[in-house]
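Coordinate analysis (summary)
Spelled out from the first residue to the last, the chains are:
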Amino acid sequence: MLTPSFQLILTDPIIPGQAAVGRYNGKLPCLTCATNGGKIFVHSPHEVAGTDGKKVKYLNFNRKVTALATCDLDPELAGRDLLLVGTATNLLAYDVENNSDYFYKDVPDGVSAVACGELARTAGGAKLALVGGNCSLQGFDADGVEHYWSVTGDNVAAMVLCDVDLDGENELVVASDDFDIRFFQGDEVIGEIVEADRATALANLSEMGQPQVSFSYALENGTIGVYHNTHRLWRVKSKNKPICLASYDIDGDGQEEVISGWSNGKVEARNARMGEVVFRDIFPDSMSALIRADYRNDGREEIVCCSTSGEVRGYLAAEPEMAGKLLETEGADEEQLASLHQRRQELMYELNSYESNMKSAQVAYETSLSMNSEPKKEGVLSAITGGGASNMSDKVKNQLLEGVIPSDTKISSYTEQDLDHQCAFLVLSTNNDTVIRAVVVFGEQVFEGESFFVHPPNPTSTCRVPFRPGKESSADLLLKVLVGVRNSDVVHVFELDYKLPKFIMYAHDASGTLHIGDAPAGSLTFEANERLSRLAYWIDASFGTKYAESAGDSLEAKFINVRNNEALIISASMTPSGSIMVAFRSNEMDVVGDMVQDLAAAVGLQELESVADFPRDLENFRDVLLKVDEHNAVRLKLTAETADSAGVLKALVIKAEDARLLRDISGMRRAYGNLFSLNRELIAEHTKRANNHSDLLTLLREVNAMIQRCAKLRVGTARTRIVSACRAAIKANNIQSLFRLLKTGNT
């Protein structure tokens with residue numbers, strides 16, 4: 001459904017994810033890509049070639065480019081695009097047409113992703129250059145003025161603007177290294193998705209020319225998929241890694257397809273609703289970028305595919321008449337062929353299973369025929385059932401001798417925690433003397449590789465499946481349980497679904513093993529206009545308890561984190577006004593924040609103010625702020641020393657050159673010797689500055705992460721307010737006000 005339109009072989013490699021098409025003079029499109037050595041090259045196919053006959057010019061930034069985009073940021077430029085270049089320390093808006101800087105901003109948190117457009121409830125609807133960095137988000141207008149700042153959970157990996165809630169305004173969809181995809185409406189987080197791995201690319205999808213709530217995503221573990229708002233439509237996984245994503249209507253039906261570029265050079269187009277492959281091509285090298293643009297300047301958009309080696313291909317959508325024929329013929333034939341092939345595989349597997357069962361039954365039958373006495377049969381049955389065959393009917397005994405399990409066999413399941421092994425177990429049991437020979441479990445965010453296989457050496461009627469999820473997240477497990485009788489090779493497969501509670505790694509302290517000395521020092525208290533029974537239902541759903549059955553006027557639930565034996569206590573009581581006063585006591589601020597957000601989503605809380613007191617986290621944060629001040633002081637000192645050394649360096653160069661002109665060889669050698677020593681000192685100073693900068697970035701990341709953790713302790717406008725207020729307190733260096741904000745949410 002895609003037809004090739006052009007092919008280019010450029011001589012420079014293209015860094016993955018750093019390519020864009022811009023109209024820098026407002027008329028002619030140019031392909032702009034980051035390459036090695038801190039350089040960016042601009043390919044201008046519609047302009048007159050230079051004296052060397054090439055249509056490529058280079059921009060040398062002498063810094064590693066970490067993000068790149070083009071955007072008509074300033075309306076006064078009459079449609080001319082600016083080139084946005086992000087590095088580890090700054091953002092540059094560059095006017096390629098006039099070969100000049102448009103604005104230059106220091107970004108201490110670094111720039112790892114760039115998006116451009118209008119963001120809801122920000123800057124009065126003006127376009128912003130949105131940059132994501134070290135746990136932070138910033139937005140700059142055409143003059144370089146900051147209009148937006150927020151924090152996220154980890155380093156930003158990808159961003160895209162999308163109308164998530166269909167209100168006619170764009171929200172910012174942000175993927176970060178903590179496996180989360182968050183939706184920002186201005187400063188407010190209106191939604192959050194936890195994925196199985198780090199998202200590396202995002203792309204907006206539209207239908208009939210109108211932006212929709214759908215967007216595609218790519219994960220580092222080889223998964224791509226589509227979300228409709230927060231509901232996942234489909235996902236597929238490959239052994240290769242997806243590098244880039246784009247959206248493009250390849251068949252003229254008004255619905256954009258998901259275009260993906262892979263590490264093995266594969267380019268795929270998939271239906272956005274179902275995920276079927278509708279087009280595929282291959283490059284000799286890994287893909288670098290996918291861009292939708294009118295690159296041939298003929299009024300038709302095409303998909304521009306760039307590989308890391310510098311090969312560029314363009315593809316056009318098929319004509320509507322041809323697309324219809326392709327859909328009616330090739331699409332139907334491929335779908336029918338795939339369906340028939342799948343059915344053939346299923347029948348072959350079923351046939352092999354029947355043949356295997358027949359062989360086992362024949363062996364069992366011959367064995368039973370060889371038994372000339374009833375005691376021998378009883379001995380075999382005793383071996384099969386473990387001595388429990390005395391009360392069985394003759395029919396059941398014959399079935400067991402043939403390897404057939406009883407028809408009323410059922411599998412029960414429940415979870416339990418083990419403090420000694422620091423893990424939780426899913427316990428599976430049969431209701432009779434059959435044994436569980438193996439269990440296959442599929443579950444996202446629970447197992448590495450999303451699956452786990454258990455094969456006990458000595459099968460019994462009970463099997464325990466261990467798991468240690470790294471994060472607090474609920475999961476839907478699909479289990480395939482292989483059940484059979486003892487001394488038989490015949491197995492029967494039971495398929496089960498199990499909903500894993502979000503906080504399954506917390507063991508319920510129903511027996512009261514926690515003592516007063518074990519009470520956590522950290523706490524969070526808040527008042528909610530809810531019934532106590534709804535809080536009890538939430539505890540039961542999230543922790544796997546049964547408090548809702550006995551909810552009264554007060555509640556206290558005690559848990560132990562099996563990972564580190566930390567205590568967690570949830571207490572609540574009714575107030576005279578009919579609301580409930582809730583207290584979460586724990587030393588783990590992250591966990592309490594997850595609990596607040598999960599509770600708010602479960603019972604529908606739109607606003608929630610809270611008072612937090614986490615002495616351990618706040619003391620660590622105080623140490624981080626002190627270290628930030630120390631590193632900033634060292635940075636200023638090193639910068640001043642470098643500037644002084646640079647002045648001495650210039651003087652030595654001039655002195656050495658004067659000595660050369662005067663034929664003062666000894667003076668020249670002495671000057672160059674001093675120059676060599678000073679240069680060596682400058683290199684050492686640069687290493688110090690680089691190490692100091694790296695440590696400072698790590699500390700700033702902890703600062704932003706702390707603000708994010710404290711924001712998660714509130715809901716609604718309180719959460720938004722604390723982020724902006726903390727930013728203002730940090731800028732004003734008002735540490736006392738900052739800590740008051742972190743505790744109470746108010747200044």
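Reference entry: report on the structure contained in this document. (Residues numbered from 1 in each chain as written. Predicted model: local features only at pLDDT ≥ 70, side-chain atom pairs only at ≥ 80, totals over all residues. Heavy atoms only, no water.)

**Concerning the sheet that holds strand β37 (residues 523-528)**
As summarised here, the arrangement of the six strands in space is β36-β38-β39-β40-β37-β41, forming an open sheet in which the pairing is antiparallel. At either end of the open sheet lies a strand with only one pairing partner, and these are β36 (506-508) and β41 (611-613). Strand-to-strand twist in this sheet, taken as the mean axis angle between neighbours without regard to direction, amounts to 20°. Where β36 lies against strand β38 (residues 554-561), three bridges are found, and the strand directions are antiparallel. The partner of Ala 507 across the bridge, within β38, is Ile 560. (Pairing = 2+ DSSP bridges. Helix = DSSP H or I, 4+ residues; strand = E, 2+ residues; numbered from the N terminus. Axes fitted to C-alpha atoms, helices over the stretch in contact; angles between N-to-C directions.)

**Points about the nonpolar core**
If you look at the biggest cluster of nonpolar residues, it comprises 59 residues, and the most contacted ones within it are Trp 538, Phe 543 and Phe 584. Excluding residues within four positions of it along the chain, Trp 538 makes contact with Phe 503, Phe 543, Ile 570, Phe 584, Met 595, Asp 598, Leu 599 and Ala 602. Listed in part, the 24 residues of the second largest apolar core include Val 446, Val 454, Leu 479 and Met 505. (Core = buried A, V, L, I, M, F, W, Y, C linked by side-chain atoms within 4.5 Å. Buried < 20%, exposed > 50% of the residue type's maximum accessible area, 1.4 Å probe, protein only. Contact = heavy atoms within 4.5 Å.)

**A short note on the side chain of Ser 307**
Along the chain, the position of Ser 307 falls in strand β27 (residues 302-307). Looking at Ser 307, the relative accessible area reads 0%, which means it is buried. If we ignore the near neighbours within four places in the chain, the residues touching Ser 307 are Ile 14, Phe 283, Asp 285, Ser 286, Met 287 and Ser 288.

**Here's the deal with the pairing of strand β20 (residues 223-228)**
Most of β20 sits out of view: five of its six residues are buried. Where β20 lies against strand β21 (residues 231-237), six bridges are found, and the strand directions are antiparallel. Looking at β21, one finds that Gly 225 is bridged to Arg 235. Turn length for the β20-β21 hairpin, with the two strands adjacent in sequence and antiparallel, is two residues, and the turn residue Asn 229 shows positive phi of about 60°.

**Focus: unusual backbone geometry**
Here the phi dihedral of Asn 62 falls at roughly 55°; this positive angle occurs in a residue that is not glycine. Even without being a glycine, Cys 135 presents a positive backbone phi close to 65°. Here Cys 135 shows up in the loop between β11 (127-132) and β12 (136-140).

**Considerations on the packing of aromatic side chains**
Using the criterion set out here, one finds 16 aromatic pairs in the structure. Measuring from ring centre to ring centre gives 5.8 Å for Phe 215 and Tyr 227, while their planes differ by 25°; the resulting arrangement is stacked. With a gap of twelve residues between them, Phe 215 in strand β19 (residues 210-219) and Tyr 227 in strand β20 connect regions that are remote in the sequence. The pair formed by Phe 215 and Tyr 227 is uniform in burial state, with each residue classed as buried. Their ring planes at 70° and their centres at 5.7 Å tell us that Phe 279 and Tyr 315 sit as a pair that is edge-to-face. Within this pair, whereas Phe 279 is found in strand β25 (residues 277-282), its partner Tyr 315 is found in strand β28 (residues 311-317), the two being separated by 36 residues in sequence. Residues Phe 279 and Tyr 315 agree in their burial class; the two are buried. An aromatic cluster of at least three residues, connected via ring pairs, comprises Phe 503, Tyr 506, Phe 526, Trp 538, Phe 543, Phe 559 and Phe 584. Sitting over the ring of Trp 262, Lys 266 keeps its end group 5.0 Å from the ring centre. The ring of Phe 283 has Arg 313 sitting right over it, with the charged end atom 3.9 Å from the ring centre. (Phe/Tyr/Trp six-rings, centres within 6.5 Å; stacked < 30°, edge-to-face > 60°. Lys NZ or Arg CZ within 6 Å of the ring centre and 35° of its normal.)

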